[in-house]
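Here is what each chain is made of, one letter per residue.
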Amino acid sequence: LTSTGAGSPPAFETISAGYTLATPQTATAGNTFGSIPSGTISILVMIQNYDPDSGSDILIQIGDAGGIETSGYVAGAGSAGWTNISKTTGFVLKQKQSDDNINGMYHLTLLNASTFTWVGSGSATVNGSDCTSGGGGKSLSAELTQVKVMGHSGDAPDSGTINIAYL
């Protein structure tokens with residue numbers, strides 16, 4: 001912040017160029033975004049018109065050069081009036097039923113660079129009327145290089161678009 005004088009609001013200075021937007025992908029049984037550059041500290045996972053098949057919640061997994069991590073997450077999701085869930089296989093956003101249409105975002109943030117620990121939280125609208133939210137954490141063995149978005153049961157969704165932006 002810099003002051004512009006007495007009685008004036010502070011001015012903001014740009015610190016970096018901002019987020020880099022990846023190329024959107026049509027939702028499949030497992031959308032992987034690789035080649036996330038060294039030094040990334042924040043990732044936005046954006047989900048549009050995602051219709052999970054077979055009652056599958058949305059699962060977000062992270063990985064390093066050794067591959068996508070499929071265990072060791074401390075995560076959960078839910079909504080008022082729904083059964084809350086916990087997951088050890090990824091960050092999660094819950095759906096209500098198999099024909100849901102989900103729109104929302106999950107924000108992953110680097111908590112500790114020396115332990116490669118990431119935390120995340122997200123929220124989405126389900127069918128434009130209900131909301132779901134989730135949060136969690138996961139440590140990797142090396143620097144994050146990839147993110148995978150899928151239905152928790154591995155089913156291919158009926159529709160949807162997925163993208164990420166990273167900083």
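These lines cover the structure that appears in this document, whether it is placed above or below. Since this is a predicted model, take the numbers as computed values, not measurements.

**Quick notes on the overall build of the protein**
When its secondary structure is counted, the protein shows 0 helices and 14 strands. Its helices and strands in sequence order give the protein the pattern β-β-β-β-β-β-β-β-β-β-β-β-β-β, from N to C terminus. Taken over 167 residues, the protein has a buried fraction of 41%. Within the protein, contacts between residues at least 6 apart in sequence are counted, and of these 70% link residues at least 24 apart. In the structure as shown, the protein presents an accessible area of about 8000 Å², 53% of it carried by carbon and sulfur atoms.

**Some thoughts on the side chain of Asn-31**
Take Asn-31: it is sitting in strand E3 (residues 31–33). Judged by its relative accessible area of 3%, Asn-31 falls in the buried class. A distance of 3.0 Å separates the side chain of Asn-31 from the side chain of Gln-25, its partner in a polar contact. Of note is the side chain of Asn-31, whose polar atom sits 2.8 Å from the backbone nitrogen of Thr-28. Excluding anything up to four places from it in sequence, Asn-31 contacts Gln-25, Thr-26, Val-147, Lys-148, Val-149 and Ile-162.

**Regarding the packing of aromatic side chains**
All chains considered together, the criterion is met by 2 aromatic pairs. Ring geometry for Tyr-73 against Phe-91: centres 5.4 Å apart, planes inclined by 80°, an arrangement best described as edge-to-face. One end of the pair, Tyr-73, is in the loop between strand E6 (67–68) and strand E7 (74–78); the other, Phe-91, is in strand E9 (residues 91–93), with 18 residues separating them in the sequence. Per residue, the accessibility class of Tyr-73 equals that of Phe-91, and both read buried. Residues Phe-91 and Tyr-106 carry aromatic rings whose centres are separated by 5.6 Å and whose planes lie at 50° to one another, so their mutual orientation is tilted. With a gap of 15 residues between them, Phe-91 in strand E9 and Tyr-106 in strand E10 (residues 102–112) connect regions that are remote in the sequence. A connected cluster of aromatic rings, assembled from ring pairs, spans Tyr-73, Phe-91 and Tyr-106. Sitting over the ring of Tyr-73, Lys-138 keeps its end group 5.4 Å from the ring centre.

Cut-offs applied
Residues numbered from 1 in each chain as written. Predicted model: local features only at pLDDT ≥ 70, side-chain atom pairs only at ≥ 80, totals over all residues. Heavy atoms only, no water. Helix = DSSP H or I, 4+ residues; strand = E, 2+ residues; numbered from the N terminus. Buried < 20%, exposed > 50% of the residue type's maximum accessible area, 1.4 Å probe, protein only. Contact = heavy atoms within 4.5 Å. Areas by Shrake-Rupley, 256 points an atom, 1.4 Å probe, with all protein chains shown as cover. Polar contact = N/O pair within 3.5 Å; in protein donor to acceptor, adjacent residues only side chain to side chain. Phe/Tyr/Trp six-rings, centres within 6.5 Å; stacked < 30°, edge-to-face > 60°. Lys NZ or Arg CZ within 6 Å of the ring centre and 35° of its normal.

By themselves, these figures tell us nothing about what the structure is for.
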